[in-house]
Amino acid sequence: MARINFGPKSFITPEPVLMIAAYDENGTPDIMNAAWGGVSGANQITMCLSPTHKTVKNILERKAFTVSFATASTVTESDYVGIVSANEVPDKFARAGFTAAKSEFVDAPLVDQYPAAIECTLVSYDADTHIMIGNIVNVSADESVITDGSIDLAKLEPITYDGLNHNYNVLGSVVGKAFADGEKLK
């Protein structure tokens, strides 16, 4: 196999397209798009977010946020809120066509257009490393993406970010069964 070297790049795949929402100082929903994040404990999520983001400032003020997953049907809106700053376009949430409901678990908005969300309280934020950690208080999902009592990725159609090619790709096809398929090789 011949390999081609690309040098040091931030290439982990899949990179989730996380839609992070919080209320601002006036109670208005705000949202940003981020790809650098994931689970970091049984009930924690860690993200790398610059302190210059209005959403980060809102989270630090409110101590709560929601994390939804961008989907195949929300690519345009999800990308828009990632390329436009709420520091410059304070109504970007509304301009994207988003509507929200207040989470019953944390002081943060659930974005109606995203059918699955993680509801979190802030644990810590380090402005030097940009590392934000949140406690997962609840995971909620719309009935439209549920099959047999679980979130169905084929119905959710979450997208991932391909940082090498600047593309969004959809997830969802099942290709195997975790903790079972490897049993064949025992």
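Everything quoted here is computed from the prediction, not taken from an experiment.

Participant: Which residues make up the pairing of strand β3 (residues 29-34), and what are the values?
Facilitator: The buried fraction of β3 amounts to six of the six residues, a majority that puts the element mostly inside the structure. Covered by surrounding structure in β3 are P29, I31 and N33 together with D30, M32 and A34, the residues of both alternating faces. Bridging between strand β2 (residues 18-23) and β3 involves six bridges; their strand directions are antiparallel. Within β3, the residue paired with M19 across the bridge is N33. Counted between consecutive antiparallel strands, the loop separating β2 from β3 contains five residues, among which G27 sits at a positive phi close to 85 degrees.

Participant: Pulling in residues and values, what's your account of the pattern of salt bridges?
Facilitator: Tallied over the full model, the rule gives five salt bridges. Notably, a salt bridge pairs K54 with E25, separated by 2.8 Å at the nearest N-O pair. Of the two residues, K54 sits in helix α1 (residues 54-62) while E25 sits in the loop between β2 and β3, which places them 29 residues apart along the sequence. Residue E25 is classed as exposed on the basis of its relative accessible area, which comes to 53%. Ionic pairing is found between E183 and K186, a salt bridge with its closest N-O pair at 3.3 Å. Classification of E183 as partly exposed rests on a relative accessible area of 44%. Taking relative accessible area as the criterion, K186 reaches 78% and is therefore assigned exposed. Within the structure, one salt-bridge network assembled from shared partners comprises R62, K102 and D107.

Rules of the game
Residues numbered from 1 in each chain as written. Predicted model: local features only at pLDDT ≥ 70, side-chain atom pairs only at ≥ 80, totals over all residues. Heavy atoms only, no water. Buried < 20%, exposed > 50% of the residue type's maximum accessible area, 1.4 Å probe, protein only. Helix = DSSP H or I, 4+ residues; strand = E, 2+ residues; numbered from the N terminus. Pairing = 2+ DSSP bridges. Salt bridge = Lys/Arg side-chain N within 4 Å of Asp/Glu carboxyl O.

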